[in-house]
Each structure stands twice: as C-alpha cells, then as structure tokens.
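Inside the fold
Each chain, written out:
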Amino acid sequence: MLGIESSCDETAAAVLCSDAGLLSNIVASQDAAHAPYGGVVPEIAARAHMSKIDAIIDRAVQDSGLTYSDLTGIAATSGPGLIGGVITGLMAAKGLALSLNKPLIAINHLEGHAVSPRLTEDCAFPYLLLLVSGGHSQLLSVNGLGDYTRLGSTIDDAAGEAFDKTAKVMGLGFPGGPNVERWAAKGDDHAVKLPRPLLDRDSCDFSFAGLKTAVARAYVASDGSDTAKANLAASFQRAIADCLNDRVARAMTQFAEGRDGPYRFVVAGGVAANATLRDGLKSVAAERGFDAIFPPLRFCGDNAAMIAQAGLERLQAGHVDPLNAPARPRWPLDAEAAKQAPASGAGRKGPKS
Ligand code: KG4
Ligand code: ZN
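So, here's what we can say about the structure. (Residues numbered from 1 in each chain as written. Chains lettered and ligands numbered in written order. Predicted model: local features only at pLDDT ≥ 70, side-chain atom pairs only at ≥ 80, totals over all residues. Heavy atoms only, no water.)

**What to know about the pattern of salt bridges**
Two side chains that carry opposite charge are able to pair once their charged atoms sit near each other. Scanning the entire structure with this criterion turns up twelve salt bridges. One salt bridge connects Asp242 with Arg238, and the closest N-O pair in it is separated by 3.2 Å. Of the two residues, Asp242 and Arg238 both sit in helix H8 (residues 226–256), four residues apart, roughly one turn of that helix. Judged by relative accessible area, which is 26%, Asp242 ranks as partly exposed. (Salt bridge = Lys/Arg side-chain N within 4 Å of Asp/Glu carboxyl O. Helix = DSSP H or I, 4+ residues; strand = E, 2+ residues; numbered from the N terminus. Buried < 20%, exposed > 50% of the residue type's maximum accessible area, 1.4 Å probe, protein only.)

**Let's talk about the sheet that holds strand S6 (residues 127–132)**
Pairing is mixed in the open sheet, where five strands are placed in the order S8-S7-S6-S9-S10. Of all strands in the sheet, those bounded by a partner on one side alone are strand S8 (147–153) and strand S10 (290–293). Along the sheet, successive strands turn relative to each other by an average axial angle of 25°, direction set aside. Both S6 and strand S9 (residues 263–268) contribute to a ladder of four bridges, which runs parallel. Pairing of Leu130 across the sheet is with Val267, part of S9. Together, S6, strand S7 (137–144), S8, S9 and S10 form the strand contacts of H8, whose direction differs from that of S6 by roughly 155°. (Pairing = 2+ DSSP bridges. Axes fitted to C-alpha atoms, helices over the stretch in contact; angles between N-to-C directions. Contact = heavy atoms within 4.5 Å.)

**Quick notes on the sheet that holds strand S1 (residues 2–5)**
With mixed pairing, five strands are arranged side by side in an open sheet as S3-S2-S1-S4-S5. Only two strands of the sheet have a single partner each, and these edge strands are strand S3 (21–29) and strand S5 (104–108). The sheet shows a mean angle of 20° between the axes of neighbouring strands, taken without regard to direction. Where strand S4 (residues 74–79) lies against S5, five bridges are found, and the strand directions are parallel. Following the sheet pairing, Ala75 is matched in S5 by Ile105. Here helix H2 (residues 42–64) sits on the sheet in contact with S1, strand S2 (10–17) and S3, set at roughly 25° to S2.

Structure, rendered in structure tokens:
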C-alpha cells in the first residue's frame, strides 16, 4: 500500500506491506519555509507540497524496492487539513490510481493517527487515544476501524498550537514545542501562576486559548530575561500537563465503564514527543490500570506510514473510494459528537473535528 500525506506542512509518502511491514517512509518537512512566520502559512504549504510531491512519492516507491505496478492500492489523506495541501496529495493519488488501475483509498488524517500504534505494536481494538498535535487535541475511544467515539476535544486552540504561540510570544523559534521544552528544562514550573482552563467542568474537553493569552500577558509583565523565559516556558508546560492529565484521567474512567480490560491508552500527535507530558501521562495510566503506548516519534508527527496503515486496513475490510472522492477541509471522525455542544469550534463549513 502506498500512503500519501500532505494535509499540513509535511509532504510524505510511504510503502507498507501487510507481510513485510514498512518498506519505506519519506517525510519532507517544510519547517524552514514557515519559520520566518512563526506558524504554518497555508499558501506556502500548498506550493511546497506541489513542488515536492512527485519526487517524494517516487523516492518512497524506489526505497521500497518495489515498482509502481507491484502496489495493491493507493491511500491518501483526503482531510481534514489545509485544503491546498490535501488537494495536492489526493490528486496525485487519483492520478496514480487511474493510470495504474489500482484502488484509491481516501483516508481521514485523524484515522491515520488513530491507527498509528498498529504500525509497531500489537495494539488490538478498542483503545483510548489522546491525539495532541498542532491542529488537534482530542480524546477518542477507538472501538474499531471507522468506529470512533469522541470523548472530548478542544473548544478552541490545539495543544501544539498553544506551544507554537507561546514560543512565538517569547521569540523562541518555530516549531514551538521542542523549543519550549528545551527552555522549560532550565526553568521553575511554579514561578508563574497560569490558569488551568475547564478543569472544574465535568467533561473531557480542553481549552488552551486562555492559557495562551495569560502567557502573553505574563511575558509582557516580565523583564524578558532568559530566566523569565525559562520560568514562563516551564510554568506553561506544567499547566498543559495538568490539563492533559486531568482530562485523560476522566476519559479513562469513561472508557472503562461497562468494558472489561485489558485497557490500553495510546498517545499520538507531535506533542507526544514532549518528555514531561509523557511522564505525567504514564503515571496517570499506571494509576488507572491502563497500558500506556507511545508510538515511536517518527509515527507521532505527521507521516505517510500511518496513512498507508489505515489504507491497508480499509482495503482488507473491503473499503475503496471512487475517483471523485472529495478533499475535505473539515471531517470529524465522530460526526455525532461534533454536532453536539460544546462544538470544537464549528465554523461556516461545519464542525472542525
Ligand atoms: O502531529 P504534528 O507533527 O503535526 C500536526 O500538527 O498535525 O504536530 C506538530 C505539533 C506542533 O505544534 C509542535 O510544536 C508540537 O507538535 N510539538 C511539540 C513537541 N514537538 C512537537 N509540543 C510539545 N513538546 C514537544 N517536544
Ligand atoms: Zn496530524
């Protein structure tokens, strides 16, 4: 299965074999192109995907040791994401599917993250998933392929977005997460008092916008020294950790209700790279009798191996898509939950996630 990913700022392609495993996995990051702006610029992302996608796909096929005609199917992210990028990858996939006469499998990017632990672990359904990336913060019960119950999601910013904005405010560089983590290691996480939004609410939803504003205020009020930056980075990271730990603990209770163990808890998305957050989540899982599974970092950030995994599982289950499958900027995994309040920021085009 060829997997193609282009929904944000990584242009990626991978070849996955049901017997031999992952044969190739190419990820081209656009970090350098977006760094001057402190965030992903959709127009720049779309153009960068377009200029690279053919070469990345070619390399993935070459590295796999196979030829295009050996492929069984073509799986591509078809949403949710930045529409220019999604269209680029999906159209490349459609062109290949048409010319090679192979099935197209249109993948929800979030499903890719959801099945990513199954690339490396014997991670049977069901499991609880915390997806924390630059675009998403969600707690999902992954009941089976295509069967997801959203237990909670962000009502404003994603966790990674909060890291990126915090780094931007303090001029720590893009992407923000790794930089904030580095600075936080030198700071005191009790130095600055910051809010823990929504923790008093009886739900598994997240909110990070208020925290981001509080960080900006605290930084303006500080002397801007390296010590002030380190203390603020550490205090911010602690606040995020407290929020994630609290929500995850609640979600674990909900997940376990009416279900027999063993209970598994998977953390996916780029923010899962953060060691402090990982440690906190591991403790929460241990306290509640959940096995904590952290996929290898190369499968946590955006990649095409997870899209190929979802494609393979879908094809094996008999799902293929027509060549007019749409590119979808918004595509919730759990459509029912997305309609309910509090919606995760429903805009003109419907619920985001
Ligand atoms: O999953 P990902 O590669 O892309 C998507 O957003 O879909 O996640 C990227 C996000 C960025 O917001 C980045 O700042 C964050 O993950 N991130 C981190 C760390 N490494 C990456 N956040 C906190 N700590 C890190 N070490
Ligand atoms: Zn992602």
